[in-house]
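# Structure assessment
Below are the chains, spelled out letter by letter.
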Amino acid sequence: MEFHVFQCVTDKDFFVVTDEDHLEALNAPDVSPTPGDTLEKVGVFGEMGKDRAAFDEDFAKRSIEAKGYYRFHAKSLDPLGEVPFGMPS
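Summarised in this report is the structure supplied together with it. (Residues numbered from 1 in each chain as written. Predicted model: local features only at pLDDT ≥ 70, side-chain atom pairs only at ≥ 80, totals over all residues. Heavy atoms only, no water.)

### Remarks on the overall build of the protein chain
Scanning the protein chain from N- to C-terminus turns up one helix and four strands. Ordered by position from N to C terminus, the α and β elements of the protein chain give β-β-β-α-β. Split into buried and exposed, the 89 residues of the protein chain put 34% on the buried side. Long-range pairs, those at least 24 residues apart, make up 62% of the contacts in the protein chain between residues at least 6 apart in sequence. For the protein chain, the exposed area adds up to about 6200 Å²; of that, 54% sits on carbon and sulfur atoms. (Helix = DSSP H or I, 4+ residues; strand = E, 2+ residues; numbered from the N terminus. Buried < 20%, exposed > 50% of the residue type's maximum accessible area, 1.4 Å probe, protein only. Contact = heavy atoms within 4.5 Å. Areas by Shrake-Rupley, 256 points an atom, 1.4 Å probe, with all protein chains shown as cover.)

Okay, structure coming up:
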């Protein structure tokens, strides 16, 4: 399977994955974290098996088969991150 990966323009840690046969499922109103958010295509990637760092491919495949897409929040892409609330800066 080739995974088509999309990233939310507003929430950069939110991703949606689908395949070629289910691209139209991305038009569903509940795909984005908030209505009206735009998804930007990251790319098309082949299967990597257990080495996949961002998401569980088997779970994604089942979700794509059931509803046409798989949504997930990745750990922040910000290399510096944010100081946790209550921590000295």
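### Observations concerning the sheet that holds strand 3 (residues 39-46)
Taken in spatial order, the four strands of this open sheet run 3-1-2-4, and their pairing is antiparallel. Of all strands in the sheet, those with a lone pairing partner are strand 3 and strand 4 (70-73), marking the two edges. Averaged over all pairs of adjacent strands, the angle between strand axes in this sheet comes to 25°, irrespective of strand direction. Pairing of strand 1 (residues 2-8) with strand 2 (residues 14-18) involves four bridges; the strand directions are antiparallel. Following the sheet pairing, Phe6 is matched in strand 2 by Val16. (Pairing = 2+ DSSP bridges. Axes fitted to C-alpha atoms, helices over the stretch in contact; angles between N-to-C directions.)

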